[in-house]
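Architecture and fold: a report
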Amino acid sequence: MLTIAPVIETDRLRLRPGRLSDKDTHIAMWADERVTRFIGGEPRAPDLSWSKFLGSAGLWPIMGFGYWVFADKATDRLIGQGGLSYFCRGIPELEDVPEAGWAFDADHWGAGYATEAMTAILRWADANLDAAEVRCIIDPGNEASERVSGKLGFRRIGDSDALGHVVAIYSRARGG
């Protein structure tokens, strides 16, 4: 079982484990209301942001999968984060299924980075995980993530209000 994220390179991105040097950029990204509009609804305080960053690294030794830092390949600077999770959200449809998630600094939206990063991650999942499917949740109105999920092969399978608001649930079968 992996205990740290493997490095994966795409044309423009380096998907890698998080580092202490990512802290300030990560905190700034999650303090931006554009980023959190559909992920939690409010900008995150630095301590919460950093705790989530550290917690996402903890997925690897326990689950054998987790989150990567999405770094610009030319600069190695964090521009986003995401991957596969198990956050124990209380949504029955997510139990025992890896959950895909992605987020990017707002200055990097619209350039196809989410599709590029998550395509690489889903290829990794298909080759390395014994999972028949991967699921994700998307808040209503998040049209950009809905488009990305469609490009990745996710299909809507239902809704849940277990988080206190409605989210759409999507599924992608192994192999896409």
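The structure this text deals with has already been given above.
Every value quoted in this text rests on a predicted model; they were computed, and no experiment measured them.

1. Comments concerning the pairing of strand β4 (residues 78-85)
Of all the 8 residues making up β4, 8 are buried; the element is thus mostly covered by neighbouring parts of the structure. Taken together, the 5 bridges between strand β3 (residues 67-72) and β4 define a ladder with antiparallel strand orientation. Bridged to Trp-68 within β4 is Gly-82. Where β4 lies against strand β5 (residues 99-104), 6 bridges are found, and the strand directions are antiparallel. Considered in β5, the bridge of Gln-81 is made with Ala-103.

2. Some remarks on helix α1 (residues 23-30)
Buried within α1 we find Thr-25, His-26, Ile-27, Met-29 and Trp-30. Of the surrounding elements, those touching the buried residues of α1 are α2 (33-36), α3 (46-57), β4 and β5.

3. Thoughts on the packing of aromatic side chains
A full pass over the atoms with the stated rule returns 7 aromatic pairs. Note on Trp-50 and Phe-53: the rings are 4.8 Å apart at their centroids and 10° apart in plane angle, and the pair reads as stacked. Linking Trp-50 with Phe-53, this pair stays in helix α3, spanning 3 residues, or about one helical turn. One exposure class covers both Trp-50 and Phe-53, and it is buried. Among the aromatic residues, those joined into a ring-pair cluster are Trp-60, Trp-68 and Trp-124. One residue, Arg-44, lies across the ring of Trp-30, its end atom 3.8 Å from the ring centre.

4. Remarks on the environment of Ala-173
Here Ala-173 lies in strand β8 (residues 167-173). Separated by 79 residues in the primary sequence, Ala-173 and Leu-94 place their C-alpha atoms 14 Å from one another.

5. A word on the side chain of Ser-160
Looking at the element boundaries, Ser-160 is found in strand β7 (residues 155-160). A polar side-chain atom of Ser-160 sits 3.1 Å from the main-chain amide nitrogen of Ala-162. Dropping the residues within four chain positions of it, Ser-160 is found in contact with Ile-91, His-165, Val-166, Val-167 and Ile-169.

So, how was this worked out
Residues numbered from 1 in each chain as written. Predicted model: local features only at pLDDT ≥ 70, side-chain atom pairs only at ≥ 80, totals over all residues. Heavy atoms only, no water. Buried < 20%, exposed > 50% of the residue type's maximum accessible area, 1.4 Å probe, protein only. Helix = DSSP H or I, 4+ residues; strand = E, 2+ residues; numbered from the N terminus. Pairing = 2+ DSSP bridges. Contact = heavy atoms within 4.5 Å. Phe/Tyr/Trp six-rings, centres within 6.5 Å; stacked < 30°, edge-to-face > 60°. Lys NZ or Arg CZ within 6 Å of the ring centre and 35° of its normal. Polar contact = N/O pair within 3.5 Å; in protein donor to acceptor, adjacent residues only side chain to side chain.

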